[in-house]
Amino acid sequence: MSRGLHLAAYLLAFDTRAQLLQDRTRAGFLVRAAALAELAHRGAAAENGAGRVQVVSAAPTGDRVLDALLAELGERPRTWKSWIKRSRDDTLEAVEERLTVLGVMTMADRVPHGPVTPHRAVAMDDPREALDLQLRVAELVRGSAPIAEAPFADAVLAALAAHGHLRLVLSRHDRKAHAGRITTLTDRITDHAPGLARAVGNLNLTMIAGQGGMGGG
């Protein structure tokens, strides 16, 4: 997969029929967790002996979303779970801006003196990339292909879709029927960041606690 995990996570959560995110709040958590996983996979961020995230390399990544997150991580040590919860709306909108620059989607301009809205309308002219990604991730969970052979990015996205209760990709039945594969997929994150793997495994509970209750089935 050529796109960073944070960009792919947005496509994974995008409902191409409705031309919007299926659940914007949920997508914020998913994108934020994916960005952290991207930095861990690149070796730019790791966890210390106390389970706090630390910056290993502050060198520019070439991606403004990741660079902004790296700057945040350098402010003070926090757990992966804490970083997933913080500034997720800002990261979500930054991802939308990045995808717009890349020509993947279009985003309506802000009205200079109009009413303040929580987010701008977005549209994806060609849904094939998002649809292909959603199908590939779902098949990774439902199928029988060796998980060890799956790309790391796909494994992370599958774990996020499952633990984030992203119904657009996986149903409740899928999560129950393939719980073993989901656990193995989540374990792929452990090699880079054990604490992040645990945070992803508890992602739905974190979302519920952070938002005072969320639907998700």
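Residues numbered from 1 in each chain as written. Predicted model: local features only at pLDDT ≥ 70, side-chain atom pairs only at ≥ 80, totals over all residues. Heavy atoms only, no water.

1. Describing unusual backbone geometry
And step 1. A positive phi is found at glutamine 19, a non-glycine position, where the angle reads about 60°.
And step 2. Phi is positive for serine 87, close to 55°, though the residue is something other than glycine.
And step 3. The residue serine 87 is located in the loop between α4 (80–85) and α5 (88–101) in this model.
And step 4. Among the residues examined, serine 87 registers a relative accessible area of 29% and is labelled partly exposed. (Helix = DSSP H or I, 4+ residues; strand = E, 2+ residues; numbered from the N terminus. Buried < 20%, exposed > 50% of the residue type's maximum accessible area, 1.4 Å probe, protein only.)

2. Some points on the pattern of salt bridges
And step 1. According to the stated counting rule, one finds nine salt bridges in the structure shown.
And step 2. For aspartate 126, the salt bridge goes to arginine 128, with nearest N and O atoms at 2.7 Å.
And step 3. A relative accessible area of 36% places aspartate 126 in the partly exposed class. (Salt bridge = Lys/Arg side-chain N within 4 Å of Asp/Glu carboxyl O.)

3. Observations regarding the confidence of the model for the protein chain
And step 1. Scored by pLDDT, the protein chain has a mean of 91; 92% of the residues are at 70 or more.
And step 2. Highest mean pLDDT in the protein chain belongs to helix α8 (residues 172–177) (98); lowest belongs to strand β6 (residues 122–123) (86).
And step 3. Here residues 213–217 is a poorly scored stretch, pLDDT under 50, and it has 14 contacts once near neighbours within four places are set aside; other chains count. (pLDDT = per-residue confidence, 0-100. Contact = heavy atoms within 4.5 Å.)

4. A look at the environment of proline 127
And step 1. Relative to the elements of secondary structure, proline 127 occurs in the loop between β6 and α6 (128–142).
And step 2. In this structure proline 127 comes out as partly exposed when scored by relative accessible area, which is 26%.
And step 3. In the structure, proline 127 is positioned 104 residues away from aspartate 23 in sequence and 18 Å away in space, judged by C-alpha atoms.

5. Things to note about the packing of helix α2 (residues 24–42) against α5
And step 1. For the pair α2 and α5, interaxial distance at closest approach is 8 Å and the crossing angle is 85°. The angle between α2 and α5 falls in the class roughly perpendicular. Contacts from Arg24, Ala27, Gly28, Phe29, Val31 and Arg32 of α2 reach α5 at Arg88, Thr91, Leu92, Val95 and Glu96.
And step 2. Tallied by class, residues from the contact of α2 with α5 come to five nonpolar, two polar and four charged. (Axes fitted to C-alpha atoms, helices over the stretch in contact; angles between N-to-C directions. Parallel < 35°, antiparallel > 145°, perpendicular 65-115°, else oblique. Nonpolar A, V, L, I, M, F, W, Y, C, P; charged D, E, K, R; others polar.)

6. Let's talk about α5
And step 1. Look at α5: 20 Å from first C-alpha to last across 14 residues, which is about the 20 Å you get at 1.5 Å a residue.
And step 2. Burial in α5 covers these residues: Arg88, Thr91, Leu92, Glu93, Val95, Glu96 and Leu99.
And step 3. Two residues or fewer past α5, glycine 103 is found with a positive phi of approximately 80°. (Expected span 1.5 Å × (residues − 1).)

7. Overview of the side chain of aspartate 174
And step 1. Looking at the secondary structure, you find aspartate 174 in helix α8.
And step 2. Using a relative accessible area of 8% as the deciding quantity, one classes aspartate 174 as buried.
And step 3. Every residue in contact with aspartate 174, bar those within four places of it in the chain, is listed here: Arg142, Val169 and Ile182.

8. Overview of the nonpolar core
And step 1. If you look at the biggest cluster of nonpolar residues, it comprises 71 residues, and the most contacted ones within it are Tyr10, Leu73 and Trp80.
And step 2. Setting aside chain neighbours within four positions, we find tyrosine 10 in contact with Leu21, Val31, Leu92, Val95, Glu96, Leu99, Met105 and Val122. (Core = buried A, V, L, I, M, F, W, Y, C linked by side-chain atoms within 4.5 Å.)

9. Describing the packing of aromatic side chains
And step 1. With the rule as written, the count across this model stands at one aromatic pair.
And step 2. Ring centres of tyrosine 10 and phenylalanine 14 lie 6.0 Å apart, and the angle between their planes is 25°; this geometry places the pair in the stacked category. The same class applies to tyrosine 10 and to phenylalanine 14, which are both buried. (Phe/Tyr/Trp six-rings, centres within 6.5 Å; stacked < 30°, edge-to-face > 60°.)

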